[in-house]
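One-letter residues, chain by chain:
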Amino acid sequence: MTTAADQDKKLDSMKNFAEQYAKRTNTYFCSDLSVTAVVIEGLARHKEELGSPLCPCRHYEDKEAEVKNAFWNCPCVPMRERKECHCMLFITPDNEFAGDEQDIDLELIKEVRDSMK
């Protein structure tokens, strides 16, 4: 059974990944950071449940098969090839929804996660 501390550690790890990837690719989080928080939480949950950060914003008939395919594992192929992020986690500066943040507070992510329960 996964403890709350284990879940927080995975959430922090995915937060750190998202921050570093945004900085490396010159992309930004959504101007509404609750969107960013939901996506990071979904990625962390998939990493815990499936072993890989499968895009949480899509419907899959078979999540395990999708993980093996790796197309939608974050960063997904459209993001890596064209900087197109369906989840709005990594947004190019010219996008109207782009904020000016490449960092997000772990406590905000936890608050948003807890409000969804």
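The sections below set out a description of the structure shown in this document. A quick note: this is a predicted structure, and the numbers were derived from the prediction, not measured.

Cut-offs applied
- Residues numbered from 1 in each chain as written.
- Predicted model: local features only at pLDDT ≥ 70, side-chain atom pairs only at ≥ 80, totals over all residues.
- Heavy atoms only, no water.
- Helix = DSSP H or I, 4+ residues; strand = E, 2+ residues; numbered from the N terminus.
- Rg over C-alpha atoms; globule rule 2.2 N^0.38 Å.
- Buried < 20%, exposed > 50% of the residue type's maximum accessible area, 1.4 Å probe, protein only.
- Arc of directions from axis to C-beta.
- Contact = heavy atoms within 4.5 Å.
- Phe/Tyr/Trp six-rings, centres within 6.5 Å; stacked < 30°, edge-to-face > 60°.
- Lys NZ or Arg CZ within 6 Å of the ring centre and 35° of its normal.

**What to know about the overall build of the chain**
Then, in step 1: The secondary structure content of the chain amounts to five helices and zero strands.
Then, in step 2: When its helices and strands are written in sequence order, the chain yields α-α-α-α-α.
Then, in step 3: For a compact globule of 117 residues, the expected C-alpha radius of gyration is about 13 Å, and the chain comes in at 14 Å, within 12% of that figure.
Then, in step 4: Seen through its C-alpha atoms, the chain measures out along the principal axes to roughly 45 × 35 × 20 Å.

**Remarks on unusual backbone geometry**
Then, in step 1: Of the consecutive residues C74 and P75, the connecting peptide bond is found in the cis state with omega at -5°.
Then, in step 2: Examined against the element boundaries, P75 turns out to sit in the loop between α3 (63-69) and α4 (77-82).
Then, in step 3: For N26, which is not a glycine, the phi torsion comes out positive at approximately 55°.
Then, in step 4: Assignment of secondary structure puts N26 in the loop between α1 (4-25) and α2 (33-50).

**Quick look at helix α5 (residues 106-115)**
Then, in step 1: Buried within α5 are the following residues: L106, I109, K110, V112 and R113. The buried residues of α5 all sit within an arc of 165° when viewed along its axis, so they share a single face. For α5, the exposed residues set more than 90 degrees away from the buried face come down to E111 and S115.
Then, in step 2: Buried residues along α5 sit in contact with α1 and α2.

**Some remarks on the environment of P78**
Then, in step 1: For P78, the position within the fold is in helix α4.
Then, in step 2: With residues near it in sequence (within four places) discarded, P78 still touches F71, W72, K83 and E84.

**Concerning the packing of aromatic side chains**
Then, in step 1: Enumeration over the complete set of coordinates arrives at four aromatic pairs.
Then, in step 2: Through successive ring pairs, a cluster of aromatic residues spans F17, Y21 and F90.
Then, in step 3: For R58, the ring lying beneath its charged end belongs to W72, and the centroid distance is 3.6 Å.

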